[in-house]
Amino acid sequence: MSYLSFEGSPPVTSLPRRADVAVIGGGVVGLCAAYELAAHGRQVVVIDRGPIARGSAAGNAGLITPSHLIPIAAPGVLSGVVRGMIRRTGPVTVRPSIDPAYLRWMVRFARNCTSRAAHAGAVALRALGFLSADLAAEWIGREGIDCGYRKLGLLYVYGDPAALAAARHEADTMESHGVTIERYGAAELRELEPALDEGVIGGFRSVDDAGLDPARFMSGIVSVLSGRGVAFVPHTGLLDFRTSGGGVDRLVTSRGDLVADEVVIATGAWTPGVAALLGESVPIQAGKGYSMTVAAPRHGPRNNLLIGDRWVAVNPMGDLLRMSGWLELGRLDTRPSLRRLAQIEANVRSRVRLDPELTVLERWAGLRPVTPDGLPIIGRSPGWRNVTYAVGHGKLGLSLGPVTGRLVAQIVCDRPTDLELDPVSPRRFP
Ligand SMILES: Cc1cc2nc3c(=O)[nH]c(=O)nc-3n(C[C@H](O)[C@H](O)[C@H](O)COP(=O)(O)OP(=O)(O)OC[C@H]3O[C@@H](n4cnc5c(N)ncnc54)[C@H](O)[C@@H]3O)c2cc1C
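Cut-offs applied
Residues numbered from 1 in each chain as written. Predicted model: local features only at pLDDT ≥ 70, side-chain atom pairs only at ≥ 80, totals over all residues. Heavy atoms only, no water. Helix = DSSP H or I, 4+ residues; strand = E, 2+ residues; numbered from the N terminus. Buried < 20%, exposed > 50% of the residue type's maximum accessible area, 1.4 Å probe, protein only. Near = heavy atom within 4 Å. Polar contact = N/O pair within 3.5 Å; in protein donor to acceptor, adjacent residues only side chain to side chain. Areas by Shrake-Rupley, 256 points an atom, 1.4 Å probe, with all protein chains shown as cover. Nonpolar A, V, L, I, M, F, W, Y, C, P; charged D, E, K, R; others polar. Axes fitted to C-alpha atoms, helices over the stretch in contact; angles between N-to-C directions. Parallel < 35°, antiparallel > 145°, perpendicular 65-115°, else oblique. Contact = heavy atoms within 4.5 Å.

1. A look at the environment of valine 252
As for its placement among the helices and strands, valine 252 is situated in strand β11 (residues 247-253). When its relative accessible area of 16% is taken as the criterion, valine 252 is described as buried. In the structure, valine 252 is positioned 10 residues away from glutamate 262 in sequence and 14 Å away in space, judged by C-alpha atoms.

2. What about the site of the ligand?
The environment of the ligand is formed by 33 residues, the closest being Asp48, Ser56, Leu63, Gly394 and Ser399. Here a nitrogen atom of the ligand sits 3.1 Å away from a polar atom, N or O, in the main chain of arginine 49. One of the backbone nitrogen or oxygen atoms of serine 399 is found 2.7 Å away from an oxygen atom of the ligand. Contact with the protein chains hides 96% of the accessible area of the ligand, taken as 1,000 Å² for the molecule alone. Broken down by secondary-structure element, the contributors of at least two residues to the shell around the ligand are α1 (28-39), β13 (285-295), β17 (360-370) and α10 (397-412). When its residues are assigned to classes, the shell around the ligand shows 14 nonpolar, 15 polar and four charged.

3. Side note on the packing of helix α4 (residues 115-143) against α10
A pair of packed helices is captured by two measures, namely the crossing angle of their axes and the spacing between those axes. Where α4 contacts α10, the axes come no closer than 7 Å and their chain directions differ by 90°. The pairing of α4 with α10 is recorded here as roughly perpendicular in orientation. Two secondary-structure elements touch here, α4 through Leu125, Leu128, Gly129, Leu131, Ser132, Ala133, Leu135, Ala136 and Trp139 and α10 through Ser399, Leu400, Gly401, Pro402, Val403, Arg406 and Leu407. Within the contact of α4 with α10, the residues separate by chemical class into 11 nonpolar, four polar and one charged.

As structure tokens, then:
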């Protein structure tokens, strides 16, 4: 059995007939929405066509990163992608396709790679990221969720002088948005993290970031909510919607119909297909990534690391060590690739000393739901009065899950929202 499998109390297997709120998608965003909706007194049913609490986060890097406020669409990104594809070191590969939705997405992405758009995106991501990080810490503490949460910051390290120079500018940008940054030379970094290789020449720590085991975080939420009456129904796919009078009346699922007053769509990279059932177009492309979880090496790293010039993350999770990275745009499948995983391991080994032989426990792939401006989509559907989208979190679904849950509950319950919703509105893509 995979160690990623659900360990909490077993989810229910029969589909209730009705719910105040039906959440489609039991990934990290759907679970966070369920948490806040239940806290707002709503009776919630979460369905997923696969297992609950897996989705695209169970094997992810496990980092909560308010420091990641520069959107994925930013100046210099396109040239960086081309360079990485030529050198074959990553971090991004782009699937060639003539699918019109894919091409439209590409054009929108390219248009967002400007300083102005990136600045506006950073302001929005800063507000979301910091509130979300606070909420995550609050939930974990209040509910006693045992997920290895450690707020030790994130060490960004570099071995390439040009990448380090560019990273210093990024650190300045982060600082200008209120992220606390500590800058280090090579010797100081090696003192902080003795597992770093001689090739590391400098870097910085973003103090506000944290790490955890995302699978344990999600099973913790499910355990808490199961005790509060939230129904989790795995292996139940949304097949269609029945609508009348501008709203959704019922969900048609692979296990029968579910009547709901409100519907929350939290289907990650699969959202375009779900939205199409409502006649809506949501610009999300899958950004496939990989991770490998190994038994903690005898002399492995102690810190959460982002090896910035190789685009891989390392998360020591107690007895485990997780290495992750890569982004393959336009791949809607979750098969792990041994070739990519070997590349990720090689990229880690190029900067971090690891035991020669590692005991591999899990090889994993997941799909980042990537929007063309790098911001999530949170808000009421443009066309349907009782449908709310909570999708498009890209590389930040774990980081922004809690704040998304909070905003979704406020939207559904018609309360004032903690943050301005315009930057993340589903209506921003005409
Ligand atoms: C390699 C990698 C590393 C990452 N590292 C980090 C990190 O360190 N920090 C961070 O913040 N983020 C990270 N991410 C991103 C994060 O994992 C995603 O943003 C997040 O998983 C998105 O969550 P979600 O709930 O929107 O979608 P998902 O987690 O994909 O969940 C969507 C769920 O919807 C279900 N579903 C889809 N269609 C239907 C249907 N028709 N009916 C019923 N159910 C359906 C799916 O089965 C799935 O369970 C990483 C991603 C990858 C790939």
